[in-house]
Amino acid sequence: MKTIVFCFTILLMFFTLGTYAQQENSLRIHQVGITFTSLNQFGINYKTGNEKTLLRLSLLSLNLRNQAEWGRPEDSLDVKTQGYGVGFRLGFEKRVPVVAHLDFIWGIEAGCNYSYNKQIAKAPYSNLERKDWNTTPLVNFIAGVNYTISDHLVIGAEITPGIQYSYGKTKTINNSQTVETTSSSFGFGFSSSSASLSLAYRFAK
């Protein structure tokens, strides 16, 4: 519960700051796009604000899979695996012009990831079932570049090092024996999953 309250408090703070920073500009920019981090991780993002400051909201799909392996009933292992992951981010970014159509961007965002996995393995003389879930609230720092093509198409690249706390549980049932474990971790830094490319459509009202 403390983790959830902390996460939503940070999000409310960023939303208030982003709204305040945009109050005095009559022409509002809107930007809708898609972000790619790897082959199995993508996201949809929306940004709104003025030429210098944008409020940003992202919805991520971390992974989605449904896999099955099987063989002969009398001597083979039957394995079924299911899993998914989702996440969201809310924050703001500042844009600094470098040359024509090219901007340096920096900012901060907060959000949370959630993942769930389930595996069932059946063999002639044993049955194994494993379930695990994990939630990760986080705060990211944003640094990157945007290149605007014909005032509407925007290509971007970002790195988002950050601070994150992870908490999860695993339950394993092996025949009649049940084992449950809890894990937690705290970290700072960035990896390959914190670098992303984006393609967006930009318009103004």
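Residues numbered from 1 in each chain as written. Predicted model: local features only at pLDDT ≥ 70, side-chain atom pairs only at ≥ 80, totals over all residues. Heavy atoms only, no water.

## What to know about the overall build of the protein chain
And then number 1: Tallying secondary structure elements over the protein chain gives 1 helix and 10 strands in all.
And then number 2: Residues classed as buried in the protein chain amount to 36% of the 205 residues present.
And then number 3: Nonlocal contacts in the protein chain, meaning residues at least 24 apart in sequence, comprise 59% of its contacts between residues at least 6 apart.
And then number 4: Within the structure as shown, the protein chain displays about 12,900 Å² of accessible surface, and the carbon and sulfur contribution to it stands at 63%. (Helix = DSSP H or I, 4+ residues; strand = E, 2+ residues; numbered from the N terminus. Buried < 20%, exposed > 50% of the residue type's maximum accessible area, 1.4 Å probe, protein only. Contact = heavy atoms within 4.5 Å. Areas by Shrake-Rupley, 256 points an atom, 1.4 Å probe, with all protein chains shown as cover.)

## Focus on the pattern of salt bridges
And then number 1: What the rule picks out here adds up to 8 salt bridges.
And then number 2: The shortest N-O distance in the salt bridge between Arg56 and Glu158 comes to 3.1 Å. You can see Arg56 sitting in strand E3 (residues 53–69) and its partner Glu158 sitting in strand E7 (residues 153–159), a full 102 residues away along the chain. Neither Arg56 nor Glu158 differs from the other in exposure class; each is buried. (Salt bridge = Lys/Arg side-chain N within 4 Å of Asp/Glu carboxyl O.)

## Concerning a nonpolar patch on the surface
And then number 1: Taken together, the side chains of Val96, Val98, Val99, Phe104, Trp106 and Val145 make up a nonpolar region of the molecular surface, amounting to roughly 510 Å² of accessible area.
And then number 2: Elements with a contribution of two residues or more to the nonpolar patch: strand E4 (78–99) and strand E5 (102–123).
And then number 3: A relative accessible area of 35% means that Phe104 is categorised as partly exposed. (Patch = residues over 30% accessible without salt bridge, like charges linked within 9 Å, V, L, I, M, F, W, Y side chains within 5 Å.)

## Let's talk about the pairing of E7
And then number 1: Here E7 shows one buried face, formed by Val154, Gly156 and Glu158, and one open face, formed by Leu153, Ile155, Ala157 and Ile159.
And then number 2: Two strands pair when backbone bridges link them, and strand E6 (residues 126–149) and E7 are joined in this way by 7 bridges, in the antiparallel orientation. Of the residues in E7, the one forming a bridge with Tyr147 is Ile155.
And then number 3: Relative to strand E10 (residues 195–204), E7 runs antiparallel, the two sharing 7 bridges. Across the sheet, the residue bridging to Ile155 is Leu199, located in E10. (Pairing = 2+ DSSP bridges.)

## Things to note about the side chain of Thr160
And then number 1: Among the secondary structure elements, Thr160 is positioned in the loop between E7 and strand E8 (162–174).
And then number 2: Beyond its immediate sequence surroundings of up to four residues, Thr160 is in contact with Glu109, Asn140, Phe141, Ile142 and Ser194.

## Considerations on the confidence of the model for the protein chain
And then number 1: Residues with a pLDDT of 70 or more make up 81% of the protein chain, whose mean pLDDT is 84.
And then number 2: Within the model, the stretch residues 20–25 combines pLDDT values under 50 with 10 contacts to residues more than four positions away or in other chains. (pLDDT = per-residue confidence, 0-100.)

## What to know about the side chain of Asn113
And then number 1: Take Asn113: it is sitting in strand E5.
And then number 2: Polar contacts involving the side chain of Asn113 include one to the side chain of Arg89, which spans 2.9 Å. (Polar contact = N/O pair within 3.5 Å; in protein donor to acceptor, adjacent residues only side chain to side chain.)

## Topic: the packing of aromatic side chains
And then number 1: Counted under the stated rule, the structure contains 5 aromatic pairs.
And then number 2: Ring centres of Tyr84 and Tyr114 lie 6.3 Å apart, and the angle between their planes is 45°; this geometry places the pair in the tilted category. One end of the pair, Tyr84, is in strand E4; the other, Tyr114, is in strand E5, with 30 residues separating them in the sequence.
And then number 3: Overall, the relative accessible area of 36% leaves Tyr84 in the partly exposed class.
And then number 4: A relative accessible area of 29% places Tyr114 in the partly exposed class. (Phe/Tyr/Trp six-rings, centres within 6.5 Å; stacked < 30°, edge-to-face > 60°.)

## Side note on unusual backbone geometry
In terms of backbone geometry, most residues other than glycine have negative phi values and most peptide bonds are trans.
And then number 1: The backbone phi angle of His101 is positive, close to 70°, even though this residue is not glycine.
And then number 2: By the element assignment, His101 lies in the loop between E4 and E5.
And then number 3: Even without being glycine, Ser150 reaches a positive phi, approximately 55°.
And then number 4: Position of Ser150 among the secondary structure elements: in the loop between E6 and E7.
And then number 5: Taking relative accessible area as the criterion, Ser150 reaches 59% and is therefore assigned exposed.

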